[in-house]
Amino acid sequence: VMGPIRFQKERDMRYAKVIKNLEEIRSAQLAYKSNKGVYCGDFNRLVGFIDTGRFEILERKDTSFMAYDPVYRTNLLKDSTMIRTLGFVSIKDSIFPNYDLSTLSTIPGTEKEFTMAAGKINSGGIEVPVFEARAPKEIVLEGMDRSLIKLEKDLVIGSLTEATVNGNWN
């Protein structure tokens, strides 16, 4: 009778740690995409980018002015946007302060790594970058009751078939 209750308690503890890592992977992927325009499919490249990459700090000013329009032979209001680079800030310092990046790819409580892939899909006629990071339930719940593990699901963030960066635990 207590077996499933203990299983659930242990499962929740293990899943919480894995979910935290998956959310860190999502943050790293979003930083990579904002800089490169696509997601990264390789942990070594992703960690290297986070370690050395920088965010550009921009100032954006919307302005309007009067300009002569030769078609209407009058002055018309024109809108304009000015963008100026103010500087750069380290991605590691802004998103991952006091975080050991070498553990980003490792499933907590194991020596195994998350599986990760990136690509592009066609969504509504637009090519959209996607990524997926996965922690197989057999690895996360290793050493626990096999009959109960069968009822669980892999923990996944992102998708290679949909344009989403959400996790499947919500």
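Thresholds, definitions, all that
- Residues numbered from 1 in each chain as written.
- Predicted model: local features only at pLDDT ≥ 70, side-chain atom pairs only at ≥ 80, totals over all residues.
- Heavy atoms only, no water.
- Helix = DSSP H or I, 4+ residues; strand = E, 2+ residues; numbered from the N terminus.
- Rg over C-alpha atoms; globule rule 2.2 N^0.38 Å.
- Buried < 20%, exposed > 50% of the residue type's maximum accessible area, 1.4 Å probe, protein only.
- Arc of directions from axis to C-beta.
- Axes fitted to C-alpha atoms, helices over the stretch in contact; angles between N-to-C directions.
- Parallel < 35°, antiparallel > 145°, perpendicular 65-115°, else oblique.
- Contact = heavy atoms within 4.5 Å.
- Nonpolar A, V, L, I, M, F, W, Y, C, P; charged D, E, K, R; others polar.

A.B. asks: Could you clarify how one ought to interpret the overall build of the protein chain in this entry?
C.D. replies: A count of helices and strands for the protein chain gives five helices and five strands. Taken from N to C terminus, the helices and strands of the protein chain fall in the order α-α-β-β-α-β-β-α-α-β. Against the globule reference of 15 Å for 170 residues, the protein chain gives a C-alpha radius of gyration of 23 Å, more extended than a compact globule. Considered along the principal axes of its C-alpha atoms, the protein chain spans approximately 85 × 35 × 25 Å.

A.B. asks: Teacher, can you tell me more about helix α2 (residues 43–52) here?
C.D. replies: Residues spaced three or four apart along an α-helix point in a common direction, a consequence of the helix completing one turn every 3.6 residues. Within α2, burial applies to Phe43, Leu46, Phe49 and Ile50. When α2 is viewed along its axis, its buried side chains cluster within an angular range of 130° and face the same direction. Exposed residues pointing more than 90 degrees away from the buried face of α2 are listed as Asn44 and Thr52.

A.B. asks: Before we go on, may I ask you to explain the packing of helix α1 (residues 2–36) against α2 in this structure?
C.D. replies: The angle between the axes and the distance between the axes are what describe a pair of packed helices. In contact at an axis separation of 10 Å, α1 and α2 are set at 75° when each is read in the N-to-C sense. On the basis of their axis angle, the class for α1 and α2 is roughly perpendicular. Here Ile25, Ala28, Gln29, Ala31, Tyr32, Asn35 and Lys36 of α1 lie close against α2, whose contacting residues are Phe43, Arg45, Leu46, Phe49 and Ile50. Grouping the amino acids of the contact of α1 with α2 by side-chain chemistry returns eight nonpolar, two polar and two charged.

A.B. asks: I tried to follow the environment of Lys33 on my own but got confused; where do I start?
C.D. replies: Examined against the element boundaries, Lys33 turns out to sit in helix α1. Put simply, Lys33 and Pro4 are 29 residues apart on the chain and 41 Å apart in space, counted from C-alpha to C-alpha. Ignoring anything within four residues of it in the chain, the contact list for Lys33 reads Val38, Tyr39 and Pro129.

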